[in-house]
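# Residue-level structure breakdown
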Amino acid sequence: QVQLEESGGGLVQTGGSLRLSCAASGRTFSSLIMGWFRQAPGKDREFVAAISWSVDTTDYAGSVKGRFTISRDNAATTVFLQMNSLKPEDTAVYYCAAAPRSSIILRTPTFWNYWGQGTQVTVSS
């Protein structure tokens, strides 16, 4: 089992920045692919970003590419999502997710085995 706990959400103005953190426990962190998803009211949960266990592969949704950066600290068993140039449409609950080491990373939520409880990000216009 893997436990994930997000932090760092909050209210920010358009153009501002936030840094989300996700602390993982319960399984060797370095064996996990880590990712972030988000879900806005009335919408499906959508992929935001992912990072491989070896840190040599990252993937971003087109809507956040160039503005968001995913990173991980395997020693601290933590994954981060740096969000810059935030827009009102980024408003959502952001979820940390984890999947066992794999040669591929899939964006579909069913690929991901473990989920955090989520943290709210609100971007005001």
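Data block above holds the structure.
The numbering scheme is per chain: residues are counted from 1 as the chain's sequence reads. It should be noted that, the model being predicted, local features are given only for residues of pLDDT at least 70 and side-chain atom pairs only at 80 or more, the latter also being counted only at that level, while totals for whole chains, interfaces and linings use all residues. Hydrogens are left out, water is left out, and the side-chain values use all remaining heavy atoms of the structure.

### Thoughts on unusual backbone geometry
You will see that T77, though not glycine, has its phi angle at about 45°, which is positive. A helix here means a DSSP run of H or I that spans at least four residues, while a strand means a run of E at least two residues long, and both kinds are numbered starting from the N terminus. Tracing the chain through its elements places T77 in the loop between β7 (68-73) and β8 (78-83). The phi dihedral of S85 falls on the positive side, at around 50°, and the residue is not glycine. Structurally, S85 is set in the loop between β8 and β9 (92-100).

### Quick word on the nonpolar core
Side-chain atoms within 4.5 Å are what join buried Ala, Val, Leu, Ile, Met, Phe, Trp, Tyr and Cys residues into a set we call a nonpolar core. Burial here depends on accessible area, computed with a 1.4 Å probe over protein chains only, as a share of the maximum for the residue type. Under 20% is buried, over 50% is exposed, and the range in between is partly exposed. In terms of nonpolar packing, the biggest core is built from 38 residues, with L4, M34, W36, V79, L81, M83 and Y94 touching the most fellow members. Counting only elements with at least two residues in this core, the list comes to β3 (18-25), β4 (32-39), β5 (46-51), β7, β8, β9 and β11 (119-124). Residues are treated as being in contact if the distance between any of their heavy atoms lies within 4.5 Å. With sequence-adjacent residues up to four places away left out, L4 is seen in contact with C22, A23, A24, M34, C96, A97, A98, Y114, W115, G116 and Q117.

### With respect to the environment of Q1
Within the fold, Q1 resides in the segment before β1 (3-7). By relative accessible area, which is 67% here, Q1 ends up exposed. Sequence-wise, Q1 and Y114 are 113 residues apart; in three dimensions their C-alpha atoms are separated by 8.0 Å. Aside from chain neighbours lying at most four places away, what touches Q1 is S25, G26, R27 and Y114.

### Section: the pattern of salt bridges
Basic side-chain nitrogens of Lys or Arg form a salt bridge, by our definition, when they fall within 4 Å of a carboxyl oxygen of Asp or Glu. Throughout the structure, instances matching the rule amount to four salt bridges. Residue E46 is joined to R38 by a salt bridge in which the shortest nitrogen-to-oxygen separation is 2.6 Å. The class of E46 is partly exposed, set by a relative accessible area of 37%. A network of salt bridges, in which partner residues are shared, links R38, E46, R67 and D90.

### Brief notes about the pairing of β1
Residue alternation in β1 divides its side chains into a buried set, L4 and E6, and an unburied set, Q3, E5 and S7. Relative to β3, β1 runs antiparallel, the two being bridged by five bridges. Bridge pairing in β3 places L4 opposite A24. At least two bridges found by DSSP between two strands is the condition for calling them paired.

### Some details on the sheet that holds β7
The four strands are arranged β1-β3-β8-β7 in an open sheet whose pairing can be described as antiparallel. Strand pairing shows two members of the sheet lacking a second neighbour, β1 and β7, which therefore form its edges. Across the sheet, the mean angle from the axis of one strand to that of its neighbour is 15°, orientation sign disregarded. Here six bridges tie β7 to β8, and the two strands are oriented antiparallel to one another. Its bridge partner lying in β8, I70 is registered against L81. Interaxial angle, 0 to 180 degrees, is taken between N-to-C directions of lines fitted to C-alpha atoms, where a helix line uses only the stretch in contact.

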